[in-house]
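# Inside the fold
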Amino acid sequence: MTRILKIDSESLKEAQKIITSGGVVAFPTETVYGLGANAFDTSAVNSIFEIKGRPNDNPLIVHVHRDYDISELVYDIPDYAVTLAKKFLPGPLTMVYKSRGKVSSAVSCGMDTLAIRIPSHEGAQKFLKYLDLPIAAPSANISKHVSPTSARHVYADLNGKIDLILDGGPCYGGIESTVLDCTSDIPVILRSGLISQEMIKETVGECGEYVFKEGGIARSPGMKYRHYSPRCKSVLYEYAEIEKAVALYDAEREKGTKVCILCDDKTAEFLGSRRFLSLGKTPEDMAANLYSKLRECENDTELLIAIAPDMRGGIMVGVMNRLSKACGNSNEN
Ligand code: AMP
Ligand code: MG
């Protein structure tokens, strides 16, 4: 059985016992809940991959407390990274540096770099400070399922597979951290998140972006698998396609399908009495609510029809990246 405990001196002691004896503990951060293990302990790190069913070529992020000296773990920290760290850390920004090879090579799946994050969540800081160890942690969900933003979500995925979930309440950020490659002359975003490309450019002048194009909706039939996905069929429409989305809803309802629309407040105004879940109004609302809404609908919905909000840029890049991976390919899953 998996226990859920509020964060206090007793539960932290328990967490320490588990982590230092090679186990894993789920803990809250401002983005999503993480599944943490001692980054120095190869078998503990390997067990994270096993528990989640995570592909073993997808590296983990190491989490440290705000006073941890990261130069013990990585080297060649460029000036722009120092500037960004001063401005955004602790916070939802993961920075990738050259690794000193001190943590287990299983963390970075054998690569010579290491991704480091200093979360701002008070509970995460308490946990990391109490342990005073680098903690390797991906999101605390079964691989490819929707990321967890509450202790209850973690429990739903991992009950019986882990000993302890530290409960720090709902995550207020909602989508995973921005991952920033700091091994080149300019920073390059590897995964979009709550620290946007615009925010980084404003701070250090330049910022590249790898892979994801702003606002792109991934519907490529070649897409191998979905990610962040609810356990029901889903399809994603552009904002301009509201009429098509509504026509599909009506046709499916006619057939008796349990169908639900996922959209923002603005779109919800066009839906009449159709069943919908709203992500809220602002990009921040949408990031904070996305995963809990995806989980909310999966149990009593056969078809989820997502409609992209009519907003682009900033943190909407991260929101749309997650939404399109979750719902963008109706042929899979
Ligand atoms: P998750 O743990 O599911 O939040 O995913 C962690 C993200 O960080 C994934 O997109 C990884 O590919 C990325 N990541 C972790 N370590 C590295 C690294 N050393 N270099 C590049 N990306 C990394
Ligand atoms: Mg994840």
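Residues numbered from 1 in each chain as written. Chains lettered and ligands numbered in written order. Predicted model: local features only at pLDDT ≥ 70, side-chain atom pairs only at ≥ 80, totals over all residues. Heavy atoms only, no water.

## Here we look at the overall build of the chain
Helices and strands together make up the secondary structure of the chain, namely ten helices and 16 strands. Expressed along its principal axes, the backbone C-alpha trace of the chain runs to roughly 60 × 50 × 35 Å. Within the chain, counting contacts between residues at least 6 apart in sequence, those at least 24 apart form 70% of the total. As presented, the chain carries roughly 14,400 Å² of accessible surface, and 49% of it is formed by carbon and sulfur atoms. In the chain, which carries 39 positive and 43 negative side-chain charges, the distance between the mean positions of the two groups comes to 3 Å. (Helix = DSSP H or I, 4+ residues; strand = E, 2+ residues; numbered from the N terminus. Contact = heavy atoms within 4.5 Å. Areas by Shrake-Rupley, 256 points an atom, 1.4 Å probe, with all protein chains shown as cover. Lys, Arg positive; Asp, Glu negative; His and termini not counted. Charge placed at Lys NZ, Arg CZ, Asp CG, Glu CD.)

## A word on the sheet that holds strand 14 (residues 259-263)
Spatially, the four strands line up as an open sheet ordered 13-16-14-15, and their pairing is parallel. Strands with a single pairing partner mark the edges of an open sheet, and in this sheet they are strand 13 (233-237) and strand 15 (276-278). Each strand of the sheet is rotated relative to its neighbour by a mean of 20°, with strand direction disregarded. Sheet topology places strand 14 next to strand 16 (residues 303-307); four bridges connect them, and they run parallel. Pairing of Leu262 across the sheet is with Ala306, part of strand 16. Strand contacts of helix 10 (residues 316-327): strand 13, strand 14 and strand 16, with the helix running at about 135° to strand 13, the strand carrying the most contacts. (Pairing = 2+ DSSP bridges. Axes fitted to C-alpha atoms, helices over the stretch in contact; angles between N-to-C directions.)

## Comments concerning the nonpolar core
Leu35, Leu73, Leu93, Val107 and Ile162 are the most contacted members of the largest nonpolar core, which has 47 residues in total. Elements with a contribution of two residues or more to this core: strand 3 (34-38), helix 2 (42-52), helix 3 (79-88), strand 6 (93-99), strand 7 (113-117) and helix 5 (151-158). Here the element with the most residues in this core is helix 2; it accounts for five residues. (Core = buried A, V, L, I, M, F, W, Y, C linked by side-chain atoms within 4.5 Å. Buried < 20%, exposed > 50% of the residue type's maximum accessible area, 1.4 Å probe, protein only.)

## Overview of the site of ligand 1
Of all residues adjacent to ligand 1, which total 15 residues, the nearest are Arg54, Asn58, Thr113, Pro138 and Arg191. Interatomic distance of 3.1 Å between a side-chain N/O atom of Asn58 and an oxygen atom of ligand 1. Arg191 is positioned with one of its side-chain polar atoms (N or O) 2.9 Å from an oxygen atom of ligand 1. In isolation ligand 1 has 500 Å² of accessible area, and contact with the protein removes 83% of it. Elements represented by at least two residues in the shell around ligand 1 include exactly strand 7 and strand 11 (188-191). The element best represented in the shell around ligand 1 is strand 7, accounting for three residues. Among the residues making up the shell around ligand 1, the classes are represented as ten nonpolar, three polar and two charged. (Near = heavy atom within 4 Å. Polar contact = N/O pair within 3.5 Å; in protein donor to acceptor, adjacent residues only side chain to side chain. Nonpolar A, V, L, I, M, F, W, Y, C, P; charged D, E, K, R; others polar.)

## Structural notes on the packing of helix 3 against helix 6 (residues 197-204)
Where helix 3 contacts helix 6, the two axes come as close as 10 Å, and the packing angle between them is 115°. At the point where helix 3 passes helix 6, the crossing takes the right-handed sense. Contacts from Tyr80, Thr83, Leu84, Lys87 and Phe88 in helix 3 reach Met199, Ile200, Thr203 and Val204 in helix 6. Among the residues forming the contact of helix 3 with helix 6, the class breakdown is six nonpolar, two polar and one charged. (Left-handed = near helix turned anticlockwise from the far one by under 90°.)

## Looking at helix 2
When helix 2 is considered as a whole, its buried residues turn out to be Ala44, Val45, Ser47, Ile48, Phe49, Ile51 and Lys52. Buried residues along helix 2 sit in contact with strand 3, strand 8 (135-137) and helix 5. Between a side-chain oxygen at the N-terminus of helix 2 and the backbone nitrogen of Ser43 the separation is 3.2 Å; the capping residue is Asp41. Phi turns positive, to about 70°, at Gly53, one or two residues after helix 2.

## Description of the packing of helix 1 (residues 9-20) against helix 4 (residues 122-131)
For the pair helix 1 and helix 4, the least separation of the axes is 10 Å and the interaxial angle reads 55°. In this view, helix 1 runs oblique relative to helix 4, as classed from their interaxial angle. Judged by the sense of rotation from one axis to the other, the crossing of helix 1 with helix 4 is right-handed. Facing Ser9, Leu12, Lys13, Ala15, Gln16 and Ile19 of helix 1, the residues of helix 4 in contact are Lys126, Phe127, Tyr130 and Leu131. Looking at side-chain class alone, the contact of helix 1 with helix 4 contains six nonpolar, two polar and two charged residues. (Parallel < 35°, antiparallel > 145°, perpendicular 65-115°, else oblique.)

## Points about the side chain of Thr29
One can find Thr29 in the loop between strand 2 (25-27) and strand 3. Given the relative accessible area of 2%, Thr29 is considered buried. A polar contact of 2.9 Å, which involves the side chain of Thr29, links it to the side chain of Thr31. If sequence neighbours within four positions are ignored, Thr29 has contacts with Arg117, Pro119, His121, Ala124 and Cys171.

## Quick notes on the environment of Val64
Structurally, Val64 is set in the loop between strand 4 (61-63) and strand 5 (74-75). Its relative accessible area of 0% is what places Val64 among the buried residues. Put simply, Val64 and Pro134 are 70 residues apart on the chain and 5.2 Å apart in space, counted from C-alpha to C-alpha. When sequence neighbours within four positions are dropped, the list of residues in contact with Val64 reads Ile70, Leu73, Ile116, Arg117, Ile118, Pro119, Gln125, Leu128 and Pro134.

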